[in-house]
Amino acid sequence: MDRLPLTLSLAFGSAAIFLVFGVGTGMIAALKQGKFLDKFATSASLLGSSLQIYFIGYLALYFLVFKAGILDQPSYTPLTDNPISWFSGLLLPWIVLSIIFTANYTRMARSQLVEQLSEDYVRTARAKGLSRANVFLRFAWRGAMGPIVTVFGIDLGTLIGGAIITEQVFSLQGIGRLAVTSVNQSDLPMLLGVTVLAAAAIVFFNIIVDAAYAFIDPRIRLA
């Protein structure tokens with residue numbers, strides 16, 4: 001429980017970044033299909049998904065913290081103690097952790113939206129005279145969010161179970177680093193506790209995702 005607040009801060013902060021930027025970039029790429037922005041976003045997402053946290057994390061530390069001094073040294077301050085220190089201390093880990101996820105969500109959002117834009121009900125809405133933006137936001141976007149929300153629930157639950165590599169790189173004492181320490185010290189009860197927490201988080205967020213389907217997709221309504 002002492003390690004959980006840091007991991008929650010790391011998970012929700014990075015999730016907010018990669019969900020907004022990943023889905024947003026995917027939407028732009030789908031709207032500009034075949035044009036420069038689409039090709040640039042697709043190439044950048046492929047590059048981002050091939051990077052590893054233990055590589056870009058140390059590079060970011062060297063150039064942004066030690067060399068240029070643009071960002072603060074990663075650390076954790078409780079949100080209730082000092083919100084500014086909490087934000088500045090976790091900003092770099094948030095950015096690094098969100099890079100790979102942003103790339104994956106960009107590709108996923110683009111592919112889902114391109115598929116939805118070719119559906120018959122979307123083309124019918126366009127034929128009835130609705131604007132492209134109206135059709136995109138009211139029909140295509142909502143139809144594409146189902147798979148994205150599903151993956152987001154799994155990713156968020158996994159992050160709460162511990163962002164092991166990120167916490168190791170930035171020396172953050174969270175659930176992920178606790179798991180590594182438990183393995184090194186053969187602390188089986190603690191390792192079991194971390195595993196149960198991670199499994200419970202994944203189950204919990206999958207339940208939330210299932211409940212959210214009815215609000216996202218009008219074709220799925222609970223009686």
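Throughout what follows, the structure given in this document is the object of discussion.

Rules and cut-offs
- Residues numbered from 1 in each chain as written.
- Predicted model: local features only at pLDDT ≥ 70, side-chain atom pairs only at ≥ 80, totals over all residues.
- Heavy atoms only, no water.
- Helix = DSSP H or I, 4+ residues; strand = E, 2+ residues; numbered from the N terminus.
- Areas by Shrake-Rupley, 256 points an atom, 1.4 Å probe, with all protein chains shown as cover.
- Contact = heavy atoms within 4.5 Å.
- Core = buried A, V, L, I, M, F, W, Y, C linked by side-chain atoms within 4.5 Å.
- Buried < 20%, exposed > 50% of the residue type's maximum accessible area, 1.4 Å probe, protein only.
- Salt bridge = Lys/Arg side-chain N within 4 Å of Asp/Glu carboxyl O.
- Patch = residues over 30% accessible without salt bridge, like charges linked within 9 Å, V, L, I, M, F, W, Y side chains within 5 Å.
- 1 Å grid on protein atoms, 1.4 Å probe; cavity = no way out; pocket = protein on both sides within 12 Å on 5 of 7 lines; lining within 4 Å.
- Points joined across faces, edges and corners; volume = space filled by probe spheres on them.
- Nonpolar A, V, L, I, M, F, W, Y, C, P; charged D, E, K, R; others polar.
- Lys, Arg positive; Asp, Glu negative; His and termini not counted.
- Charge placed at Lys NZ, Arg CZ, Asp CG, Glu CD.
- Phe/Tyr/Trp six-rings, centres within 6.5 Å; stacked < 30°, edge-to-face > 60°.

1. Considering the overall build of the chain
- Counting its regular elements, the chain contains 9 helices and 0 strands.
- The N-to-C order of helical and strand elements in the chain reads α-α-α-α-α-α-α-α-α.
- Taking the principal axes of the C-alpha coordinates as reference, the chain spans close to 65 × 50 × 30 Å.
- With the model as given, the accessible surface of the chain reaches about 12,300 Å², and the carbon-plus-sulfur share is 68%.

2. Observations concerning the side chain of Ser 98
- Examined against the element boundaries, Ser 98 turns out to sit in helix α4 (residues 83-117).
- The residues contacting Ser 98, other than those within four sequence positions of it, are Ser 14, Ile 17 and Phe 18.

3. Topic: the nonpolar core
- In this structure, Leu 92 and Tyr 105 are the most contacted members of the largest nonpolar core, which totals 44 residues.
- Secondary structure elements with two or more residues in this core: α1 (4-31), α3 (53-67), α4, α6 (132-160) and α9 (188-216).
- Examining the composition of this core, we find that 13 residues originate from one element, α4, more than from any other.
- When residues no more than four places from it in sequence are discounted, the contact partners of Leu 92 are Ala 60, Leu 61, Leu 64, Val 65, Leu 71, Pro 74 and Phe 170.

4. Examining the pattern of salt bridges
- Scanning the model with the defined rule gives 2 salt bridges in all.
- In this structure, Arg 110 and Asp 38 form a salt bridge, with 2.6 Å as the shortest nitrogen-oxygen distance. With Arg 110 in helix α4 and Asp 38 in helix α2 (residues 36-50), this residue pair connects regions lying 72 residues apart in the sequence.
- One salt bridge in this structure joins Asp 120 and Arg 123, with 2.5 Å as the shortest N-O distance. You can see Asp 120 and its partner Arg 123 sitting in helix α5 (residues 120-127), 3 residues apart, about one turn around the helix.

5. Considerations on a nonpolar patch on the surface
- Together, Tyr 54, Phe 55, Tyr 58, Leu 59, Tyr 62, Phe 63, Leu 64, Phe 66, Ile 70, Ile 164 and Ile 165 make up a nonpolar patch on the protein surface, roughly 1,100 Å² of accessible area in all.
- Those elements that place two or more of their residues in the nonpolar patch are α3 and α7 (164-169).
- With 8 residues, the top contributor of residues to the nonpolar patch is α3.
- For Phe 55, a relative accessible area of 47% translates into the label partly exposed.

6. Focus: unusual backbone geometry
- A positive phi angle, close to 55°, is found at Ser 171, a residue other than glycine.
- Positive phi, normally seen in glycine, also occurs at Ser 186, with a value near 55°.
- Checked against the element boundaries, Ser 186 lands in the loop between α8 (175-184) and α9.

7. A look at the layout of surface pockets
- In this structure, the largest pocket spans a volume of roughly 170 Å³.
- Forming the boundary of the largest pocket are Phe 21, Thr 25, Ile 28, Ala 29, Leu 37, Phe 40, Ala 41, Ala 44, Ser 45, Thr 102, Ala 103 and Thr 106.
- The biggest single contributor to the lining of the largest pocket is α2, with 5 residues.
- Per-class residue counts for the lining of the largest pocket are 8 nonpolar, 4 polar and no charged.

8. Considering the side chain of Gln 112
- Mapping Gln 112 onto the fold places it in helix α4.
- Residue class for Gln 112 comes out buried when judged on its relative accessible area of 17%.
- Not counting residues within four places of it along the chain, the set of residues in contact with Gln 112 comprises Ala 144 and Pro 147.

9. Points about a positive patch on the surface
- A contiguous patch of positive charge, built from Lys 32, Lys 35, Arg 126 and Arg 132, is present on the exposed surface.
- Structurally, Arg 132 can be placed in helix α6.
- You can call Arg 132 partly exposed: its relative accessible area is 49%.

10. Some remarks on the packing of aromatic side chains
- The full count for this structure, using the stated rule, is 9 aromatic pairs.
- Considering the side-chain rings of Trp 86 and Trp 94, the 5.2 Å spacing of their centres and the 75° angle between planes classify their relative orientation as edge-to-face. Judged on exposure class, the residue Trp 86 and its partner Trp 94 are both buried.
- Here the aromatic residues Phe 18, Phe 101, Tyr 105 and Phe 152 are joined through ring pairs into a cluster of three or more.

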